[in-house]
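For reference, the chains in residue letters:
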Amino acid sequence: MECVLGVVGRDFAVVAADTSAVQSILVHKTDEDKVLVLDSHKLMGASGEPGDRVQFTEFIQKNLHLYQFRNNIPLSTAATANFTRGELATALRKNPYSVNILLAGFDSDVGASMYYIDYIATFHKIEKGAFGYGSYFCLSLMDKLYRPDMSVEEAVDLVDKCIKEIRLRLVVAPQNFIIKIVDKDGAREYARRAYTSNSPSDAATVTA
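Here's what I pulled together on the structure shown here. (Residues numbered from 1 in each chain as written. Predicted model: local features only at pLDDT ≥ 70, side-chain atom pairs only at ≥ 80, totals over all residues. Heavy atoms only, no water.)

Another aspect to go through is the layout of surface pockets. By volume, the largest pocket is sized at about 350 Å³. Residue lining of the largest pocket: 18 residues in total, with M1, E2, V22, G48 and E49 positioned closest to the centre. Across the lining of the largest pocket, the residue classes break down as six nonpolar, seven polar and five charged. By volume, the second largest pocket is sized at about 280 Å³. Lining the second largest pocket are 15 residues, with M1, V22, V27, V172 and A173 positioned closest to its centre. Residue composition of the lining of the second largest pocket, by class: eight nonpolar, four polar and three charged. (1 Å grid on protein atoms, 1.4 Å probe; cavity = no way out; pocket = protein on both sides within 12 Å on 5 of 7 lines; lining within 4 Å. Points joined across faces, edges and corners; volume = space filled by probe spheres on them. Nonpolar A, V, L, I, M, F, W, Y, C, P; charged D, E, K, R; others polar.)

This is the structure:
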């Protein structure tokens, strides 16, 4: 029942994900960070099989670092997205990864951007998107409420509305969520949303 969602605002991008590590009917932990900070200005939100998700996202992260060490320059967000898509496409014909990705970043020349890459290497540049069962409820909200010129507060409020809808409507909803942001100041954790009540609509806010 994983949920990963993201939106691009005026000069930033927000990526949020649930923090549940589950297998079958068991919840193993509720503090799993599924939004990886790739480098100083890139975030990768991922869903899928736990082993594939962790191995593939760390593989991309380490290759970005290797490229920067070798060339003394970081890859752009678009180049990172194309590299990620290429690795998924190559693995698809050998030993495919069951992982879906929202890649967000900020570049000084083009600003904030986000890319949708799924497990069969489908690749799109997007302004809003979601993966997992939560996407059934989030995408309609995003279609209605999203604007390209949103402020950080408005974007996080939209994410909060999506989280509330997931908790209300998804039969086995994740308990906790993490929200991260990337802008000209870098990639960082913005807040956590912790489920602390018997009422699905109530949640405590923990600000980083």
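On we go from here.
The subject of this paragraph is the nonpolar core. Within the largest apolar cluster, 41 residues are counted, with the highest numbers of intra-cluster contacts made by L5 and V14. Of all elements in the fold, only β1 (3-8), β2 (12-18), β7 (99-107), β8 (111-117), β10 (128-132), α3 (135-145), α4 (152-169) and β11 (177-183) reach the threshold of two or more residues within this core. The dominant element in this core, judged by the number of residues it contributes, is α4, at eight residues. Excluding residues that lie within four positions of it along the chain, L5 makes contacts with V14, V15, A16, L102, G129, A130, C138, M142, V159 and C162. With 18 residues, the next largest nonpolar core counts I60, L64, L75 and Y97 among its residues. (Core = buried A, V, L, I, M, F, W, Y, C linked by side-chain atoms within 4.5 Å. Buried < 20%, exposed > 50% of the residue type's maximum accessible area, 1.4 Å probe, protein only. Helix = DSSP H or I, 4+ residues; strand = E, 2+ residues; numbered from the N terminus. Contact = heavy atoms within 4.5 Å.)

Taken by themselves, the reported measurements are silent on function.
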